Amino acid sequence: VSPTVSRINSSLGSLGSKIGSLGKSFNKVNKALVLGFTAITGAVAVLGIKAIKSFGEFDRQIKRVQVLAGGTEEDFKSLMDTAFRLGSSTAFSAQEVAEAFEEFAKAGFSVTQILKASESTLGLATAGNINLAEAVNISVAALNAFGREADDMNGVATILTTSFTNSAQTLEDLGQALKFVAPLA
């Protein structure tokens, strides 16, 4: 065998070894990709299940409001649309908005009154740094204490916000005070 053929054989052997090494590297990368995609797929599945579960809870919440407030299917759609809109444009989730709707319904508000009162109550909760259910309870207590109608909720929320932001009291303090002075009003 000539020296040229030997060098070619040696080079081919070296090339074959490098190709084998490259194949092993690709195999390791492939295994890592498979593991990565498996983990991602699992995470997406978990998120999907949570999203479906959350939507189911939200749907049940809105249906409770519809039953408590005596709404129609059209009212149901309005409640859902408003909860989604407020949930995407405020610091509160659609679920929290739906829970506030239920508090209003328990207080005897109609669907129309709930929809009218929602934005001002979200503003009150934000300004007072409290949860929505508590903001609803305080504003409904003030509404009842002063013999106002549900349609007056926007004005009541404005008065409450002005009262606690212009004093050393918190909204919770104002809510507690209303419990004591309401019977006297």
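The structure we're discussing is the one just above.
From a predicted model like this one, the values you see are computed outputs, not experimental measurements.

### Focus on the nonpolar core
If you look at the biggest cluster of nonpolar residues, it comprises 40 residues, and the most contacted ones within it are Ile62, Val97, Phe101, Phe104, Phe109, Ile114 and Met153. At the level of elements, α1 (3-69), α2 (73-89), α3 (94-106), α4 (111-128), α5 (132-145), α6 (153-165) and α7 (171-181) are the ones that each hand at least two residues to this core. Apart from the residues lying within four places of it in its own chain, the contact partners of Ile62 are Phe76, Leu79, Met80, Ala83, Ala98 and Phe101.

### Quick notes on the side chain of Ser139
Within the element layout of this structure, Ser139 appears in helix α5. Overall, the relative accessible area of 0% leaves Ser139 in the buried class. Here the side chain of Ser139 touches Ala135 through a polar contact of 2.8 Å, landing on its backbone oxygen. From its side chain, Ser139 meets the backbone oxygen of Val136 in a polar contact 3.1 Å long. Dropping the residues within four chain positions of it, Ser139 is found in contact with Thr121, Leu124, Met153, Val156 and Leu160.

### As for the packing of aromatic side chains
What the rule picks out here adds up to 2 aromatic pairs. Taking 4.7 Å as the distance between ring centres and 35° as the angle between the ring planes, the aromatic pair formed by Phe58 and Phe84 counts as tilted. With a gap of 26 residues between them, Phe58 in helix α1 and Phe84 in helix α2 connect regions that are remote in the sequence. For Phe58, a relative accessible area of 4% translates into the label buried.

### Quick notes on the pattern of salt bridges
Where charged atoms from two side chains of opposite charge come close, those side chains can pair. Following the criterion strictly, the structure yields 7 salt bridges and no others. A salt bridge links Arg64 to Glu102; the shortest N-O distance between them is 3.3 Å. Taken together, the residues span a long stretch of sequence, with Arg64 in helix α1 and Glu102 in helix α3 at a distance of 38 residues. Residue Glu102 is classed as buried on the basis of its relative accessible area of 12%. The shortest N-O distance in the salt bridge between Lys77 and Asp81 comes to 3.0 Å.

How each quantity is defined
- Residues numbered from 1 in each chain as written.
- Predicted model: local features only at pLDDT ≥ 70, side-chain atom pairs only at ≥ 80, totals over all residues.
- Heavy atoms only, no water.
- Core = buried A, V, L, I, M, F, W, Y, C linked by side-chain atoms within 4.5 Å.
- Buried < 20%, exposed > 50% of the residue type's maximum accessible area, 1.4 Å probe, protein only.
- Helix = DSSP H or I, 4+ residues; strand = E, 2+ residues; numbered from the N terminus.
- Contact = heavy atoms within 4.5 Å.
- Polar contact = N/O pair within 3.5 Å; in protein donor to acceptor, adjacent residues only side chain to side chain.
- Phe/Tyr/Trp six-rings, centres within 6.5 Å; stacked < 30°, edge-to-face > 60°.
- Salt bridge = Lys/Arg side-chain N within 4 Å of Asp/Glu carboxyl O.

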